[in-house]
Amino acid sequence: MKKVLLIIFPLFLSGFLFSQKKTPAKKPRVIPKFNYHEEFKKISDEIFLHGTAYDNLGELTKGIGPRFSATPGYSKATEWAEKKLREAGAENIWKQEVKVPIWIRGKESLQIKTSNGDWKSIKMLSFGNSEGTKGKDLIGDILLVKDVQELVNLRVADAKDKIIFVNYPIDPTVISTVDSYMIAAKSKLISASVIGQKGAKALIIRSLTTASDDIPHAKQVYYEPEDKARIPAMTIGVRSADELESLLKKTTVKAKINMSAESKGETINHNIIGEIPGKKDSKVIVLGAQLDSWDFAEGAHDDGTGVVQCLEVLRTFKALGYDNNHTIRVVLYANSENGGMGRETYAMSVKKKEEKHILALGTDSGGYSPRGFSLDMSPQRRKLIFEWKNYFLPYGIYDFDQTYAIQDIAPLKKLDIPLAEMVVDTQRYFDYHHSEKDTFDKVNKRELLLGAVAMSQFVFMIDKNW
C-alpha cells in the first residue's frame, strides 16, 4: 500500500501543480519615451551635414527651368520629381491625373504715346489665362483709376472703349507682406471682369510687389461666366506705373497693346505623390508644395524651395531610421499658378477614397528663415502644439499664433483636416514673387535647410503625439 501511495502521490502532486500553472501574461506595449531636445538635434545635424535640398533646388531651377502647366517643362519636372522621391526613400510613388488649361502667352507688347510724342515700349506681362488681341493692335486712351471708390463712381460712358490703368500699390505700412499682398490681390480694382463690365477694352495694373524696380510680376486673371467681353489684362513694373501716372496728370496718353495670348482647351498633367507607409496605421500626414512655376520663371522661391523641403523631410526620416507611426506623404501639385486644379483633384481623391488625414502641412512662402507654423485647426489641436514651443525655440521657431493656410492645402479644410503652414520671414519674398527674378541665386542655402529642419521636427512631433 505504501508503495502504491508513493507512486500515486507524486503523480497527483504533479497534476495539481500543472493545473495551477498560469498562462504567461502578455507583455504591455512599450511606448517609446523620447528626449525631444535630443531628437530635434539629430534632425538638425542630419540635414545640415547631409541635406540634399539645396542641390536638388539647383537641379530643378537650373536643370529644368520654367515648368508651367501643359508645357514640356512641367513634364520634365514630373520625371525629376519621381526620381527624387525614390532617392529620398519613398516606398510608394504614383502619378495622379489632373486636367489643366492649355494657355500660351505668345508674343506681347505694350506701347504708349502722348499727342505730340512717339510710341514708347513698356515692359509688361499678360495675366495668366488672359485673352489676347489675336495678334492685332488694340489702341485706346488710358484712364487712371486709383482706388475702389473711383471705380464704383466710374460711369460706363466714361470707361467705354478706354484702357483702364490701375496704379494701386501694396501698402508698405502693413508689416506682414503676405497680408499686404492679399489685400491688394483681392481688390476689385484689379479684376478684369469688373473693369470689363464698365465698358473698358483692356486692363493695365501696377505689379503687386514690394520691389522698387521695373520688373513686371505676373498675376492670374479670373473671368466671370456672365462676362460678355473677356478683356485683355496685363501688368507693368512699379517704375513704369509711377511714370505713367505722372504723365497722365499732364496730358492724354494712348496705349497700343498687341497680345497673341490664347487658350487651347485642356490637357492632362500630374500631381506627383510619394510616401513612407505608417508602421502603426494608415492615417496620413501630408506635406504639400506646388511643382509648377510661371512660364518665364525658374520658380526658385515660388515654390521650388517648398518642393525640395518636402523631399528633405522624407529623406531625413529614412536616414535617421525613424519608424513613423502614420503614413508620411508628399504631394507635389500641378497647375497652382494658373488654375489650381492639382489641389482640387487631390482633395476630391481624398474624399472619394475616404482617406483619414490627421494633418496637412504646406510651404509656399519661399525658402527664407523659418519663424513658426500657422495653425488652421481646432483650439484643442492648437493647444497641443503650443505645448511644444520650447523644443522649437533653439531653432528660431516661435510664431504659432497665425491661423491661415496656403492655397494648395486649403481645399482639404472642407474635409475637416487640420492644416498648418510654415511661416517664414517674407520681407523679401514679394520682391521676386511671380517675376523673372525668382532664380536659384536668390536662395540662401542655410535658410533653406533650416526650413527643412523645422518641417521635419514638426512632422516628427505630429507623428509621435497625434
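In every chain, residue numbers begin from 1 and rise along the written sequence. This being a predicted model, a pLDDT of at least 70 is required before a residue's local features are given, and a value of 80 or more before pairs of side-chain atoms are given or counted; all residues contribute to the totals for chains, interfaces and linings. Side-chain measures were taken over the full set of non-hydrogen atoms in the model, leaving aside hydrogen atoms and water.

- An unreviewed UniProt entry lists the protein under the name Carboxypeptidase Q, with Chryseobacterium formosus given as the organism.

Thoughts on the overall build of the protein
Item 1. Along the protein, the regular secondary structure elements total 15 helices and 15 strands.
Item 2. Principal axes of the C-alpha set define a box for the protein whose edges measure 140 × 45 × 40 Å.
Item 3. Across the 466 residues in the protein, those meeting the buried criterion constitute 54%.
Item 4. Within the protein, residue pairs in contact and separated by at least 24 positions form 83% of the contacts whose partners lie at least 6 positions apart.
Item 5. When the accessible surface of the protein is summed, it comes to about 22000 Å², and 53% of that surface belongs to carbon and sulfur atoms.
Item 6. Positive charges come from Lys and Arg, negative ones from Asp and Glu, while His and the chain ends are left out of the count. For this purpose, a charge sits on NZ of Lys, CZ of Arg, CG of Asp or CD of Glu. Charged side chains in the protein number 67 positive and 60 negative. The centres of these two groups are separated by 6 Å. Helical segments are the DSSP runs of H or I of at least four residues, strand segments are the runs of E of at least two, and each set is numbered from the N terminus. Relative accessibility decides the category of a residue: with a 1.4 Å probe and only protein chains considered, values under 20% of the type maximum give buried, values over 50% give exposed, and everything between is partly exposed. Here, two residues are considered to be in contact whenever any of their heavy atoms come within 4.5 Å of each other. Accessible surface area values rest on a Shrake-Rupley calculation with a 1.4 Å probe, where residue burial reflects the displayed protein chains alone.

Topic: the sheet that holds strand β15 (residues 419–424)
Item 1. Taken in spatial order, the seven strands line up as β1-β10-β12-β11-β13-β15-β14 in an open sheet, and their pairing is mixed. Both edges of this open sheet fall to β1 (92–104) and β14 (370–376), since each of them pairs with a single strand only. Looking at each pair of strands side by side, their axes are set apart by 20° on average, direction ignored.
Item 2. Two strands pair when backbone bridges link them, and β1 and strand β10 (residues 262–276) are joined in this way by twelve bridges, in the antiparallel orientation. Paired with Trp-103 across the strands is Ser-263, a residue of β10.
Item 3. Against the sheet, helix α15 (residues 445–465) contacts β11 (284–290), β12 (327–333), β13 (357–362), β14 and β15, and its axis sits at roughly 40° relative to β14. Any two strands with at least two DSSP-identified bridges between them are counted as paired. Lines fitted to C-alpha atoms define the axes, with helix axes restricted to the stretch in contact, and inter-axis angles between N-to-C directions lie between 0 and 180 degrees.

What about helix α9 (residues 238–248)?
Item 1. Those residues of α9 not exposed but buried are Val-238, Ser-240, Ala-241, Leu-244, Glu-245 and Leu-248. Here the buried residues of α9 occupy an arc of 160° about the axis, which is enough to place them on one side. Comment: arc refers to directions from the helix axis out to C-beta atoms.

Focus on the sheet that holds strand β4 (residues 124–126)
Item 1. Spatially, eight strands are ordered β3-β2-β9-β5-β6-β7-β8-β4 in an open sheet, and the strand pairing comes out mixed. At either margin of the open sheet sits one strand with a lone partner, and together these are β3 (120–122) and β4. Between one strand axis and the next, the sheet turns by 30° as a mean value, whatever way the strands run.
Item 2. The pairing of strand β2 (residues 108–114) with β3 spans three bridges and is classified as antiparallel. Across the sheet, residue Leu-110 finds its bridge partner in β3, namely Ile-122.

Observations regarding the side chain of Glu-447
Item 1. Its place among the elements puts Glu-447 in helix α15.
Item 2. Of the residues examined, Glu-447 reaches a relative accessible area of 16% and is grouped as buried.
Item 3. Residues adjacent in sequence count toward polar contacts only when both atoms are side-chain atoms; beyond that, a polar contact is any pair of N or O atoms within 3.5 Å, and within protein one must be able to donate a hydrogen and the other to accept it. In terms of polar contacts, Glu-447 uses its side chain to reach the side chain of Ser-369, at 2.8 Å.
Item 4. Here Glu-447 is in contact with Gly-367, Tyr-368, Ser-369, Pro-370 and Arg-428, once residues within four sequence places are set aside.

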